[in-house]
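Overview (structure and organization)
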Amino acid sequence: MKRCFIIAGGDFDGFYDQIRNDDLVIAADRGFDHAKKSGINPDIIIGDFDSSDKPIDNNKVIKLNPIKDYTDTKAEMIIDKDKNYDKIIIYGGLGGRDSHTFANIRSSLEYKKLGIDVIIKSKYKKIFIINDSFTYKFKNEDDFYVSIFALSEVVKGISISGLFYELNDYDLTLDSSLGVSNETCKKDFSINVNDGYLLIIFENKNVAISKTINNIEFDFYGNINFETLK
């Protein structure tokens with residue numbers, strides 16, 4: 001399987017894969033700064049550079065017009081498709097502007113329909129789409145949340161085994177939130193789909209979610225982190 005890594009300009013908490021000789025690495029705009037911090041030398045650097053300085057190495061740089069019909073990350077995905085890569089792994093594709101995160105998920109669906117698997121990941125999250133069967137081999141790790149959402153009008157024949165909440169031949173509609181926050185049980189699990197596209201989200205259970213507003217940090221429940229007031 002030909003793999004391409006995209007390092008985008010969203011929230012970035014590190015790079016957690018081993019790059020092979022035949023992998024392609026593309027950095028988008030501010031993603032180049034993320035790549036440098038991780039000691040990664042991208043094969044291609046692309047963007048309109050509205051959120052970072054244009055790199056000096058012009059042989060690798062593709063400068064985009066800031067007035068365009070797609071995001072910098074989508075531009076990278078177009079390159080991947082043209083070069084016949086069939087698996088795209090995106091770092092820095094979450095956080096930042098919510099609109100960009102949502103756009104990355106929609107682009108993932110577009111490419112899944114073309115037969116290209118897209119994974120959006122960070123240290124504590126992994127997002128991908130299935131339209132058939134998926135099996136997870138549990139390792140010596142902590143339990144985590146597994147959420148599913150329909151990306152088709154109706155995703156038909158969903159069966160889940162090995163998670164805390166199981167399903168058998170269930171039809172999930174686009175407007176349903178039934179699939180949020182299922183949980184692993186320290187064992188292998190599987191998710192199967194008969195028809196349609198299903199978004200799957202893995203989230204670490206033990207990570208505190210926080211938001212900083214005007215230099216004051218709030219946790220997920222709206223409680224103030226008073227250390228930020230000192």
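One structure accompanies this document, and this report is about it. (Residues numbered from 1 in each chain as written. Predicted model: local features only at pLDDT ≥ 70, side-chain atom pairs only at ≥ 80, totals over all residues. Heavy atoms only, no water.)

1. Let's talk about the overall build of the protein chain
When helices and strands are counted, the protein chain shows three helices and 17 strands. Within the protein chain, buried positions represent 43% of all 230 residues. For the protein chain, the share of sequence-separated contacts (at least 6 apart) that also reach a separation of at least 24 residues comes to 58%. If you sum the accessible surface of the protein chain, you get close to 13100 Å²; carbon and sulfur atoms cover 47% of it. (Helix = DSSP H or I, 4+ residues; strand = E, 2+ residues; numbered from the N terminus. Buried < 20%, exposed > 50% of the residue type's maximum accessible area, 1.4 Å probe, protein only. Contact = heavy atoms within 4.5 Å. Areas by Shrake-Rupley, 256 points an atom, 1.4 Å probe, with all protein chains shown as cover.)

2. Focus: the pairing of strand β10 (residues 154-161)
Summarising the sheet, β10 and strand β11 (residues 167-173) pair through four bridges and their orientation is antiparallel. Bridge assignment links V155 to a residue of β11, and that residue is L172. In this structure, the hairpin formed by β10 and β11 is closed by a connection of five residues, where G162 is found at a positive phi of approximately 95 degrees. Pairing analysis gives three bridges linking β10 to strand β13 (residues 189-192), with the strands arranged antiparallel. Bridge pairing in β13 links S161 to S190. (Pairing = 2+ DSSP bridges.)

3. Focus: the packing of aromatic side chains
Per the counting criterion, the structure on display carries 15 aromatic pairs. Judged by centre distance (5.0 Å) and plane angle (50 degrees), the ring pair of F128 and F134 falls under tilted. With 4.8 Å between their ring centres and 85 degrees between their planes, F164 and Y165 make a pair best called edge-to-face. Pair check on accessibility: F164 and Y165 agree, each one exposed. If you follow K2 out to its NZ or CZ, it ends over the ring of Y85, 4.4 Å from the centre. Here the guanidinium or amino end of K205 rests over the ring plane of Y145, the centre of that ring lying 5.5 Å away. (Phe/Tyr/Trp six-rings, centres within 6.5 Å; stacked < 30°, edge-to-face > 60°. Lys NZ or Arg CZ within 6 Å of the ring centre and 35° of its normal.)

4. Re the pattern of salt bridges
Note that side chains of opposite charge can pair when their charged atoms are close. A complete count under the given rule lists eight salt bridges for this structure. Notably, a salt bridge pairs K121 with D17, separated by 3.1 Å at the nearest N-O pair. Of the two residues, K121 is situated in strand β6 (residues 117-121) and D17 in the loop between β1 (3-7) and β2 (24-28); the sequence distance between them amounts to 104 residues. One salt bridge in this structure joins D23 and R20, with 3.7 Å as the shortest N-O distance. One salt-bridge network, held together by shared partners, links R3, R20, D22 and D23. (Salt bridge = Lys/Arg side-chain N within 4 Å of Asp/Glu carboxyl O.)

5. Topic: the side chain of S176
Positionally, S176 belongs in the loop between β11 and β12 (182-183). A polar contact is formed between the side chain of S176 and the backbone nitrogen of L178, at a distance of 3.1 Å. (Polar contact = N/O pair within 3.5 Å; in protein donor to acceptor, adjacent residues only side chain to side chain.)

6. What about the nonpolar core?
Counting 24 residues, the largest nonpolar core has I88, I90, I120 and L199 as the members making the most contacts within it. For this core, the secondary-structure elements that each account for two or more residues are β1, β2, β3 (44-47), β5 (87-91), α3 (98-112), β6, β7 (125-130) and β14 (198-204). Within the second largest apolar cluster, 21 residues are counted, among which are I148, V155, I160 and L172. (Core = buried A, V, L, I, M, F, W, Y, C linked by side-chain atoms within 4.5 Å.)

7. A word on the sheet that holds strand β8 (residues 133-136)
Strands sit in the order β8-β13-β10-β11 across an open sheet of four strands; the sheet is antiparallel. Every interior strand has two partners, whereas the edge strands, β8 and β11, have only one. Looking at each pair of strands side by side, their axes are set apart by 20 degrees on average, direction ignored. (Axes fitted to C-alpha atoms, helices over the stretch in contact; angles between N-to-C directions.)

8. Considerations on the environment of A35
Examined against the element boundaries, A35 turns out to sit in helix α1 (residues 31-37). When its relative accessible area of 0% is taken as the criterion, A35 is described as buried. Along the sequence, A35 and F15 sit 20 residues apart, while their C-alpha atoms lie 8.4 Å from each other. Not counting chain neighbours up to four residues away, the residues in contact with A35 comprise I7, I40 and P42.

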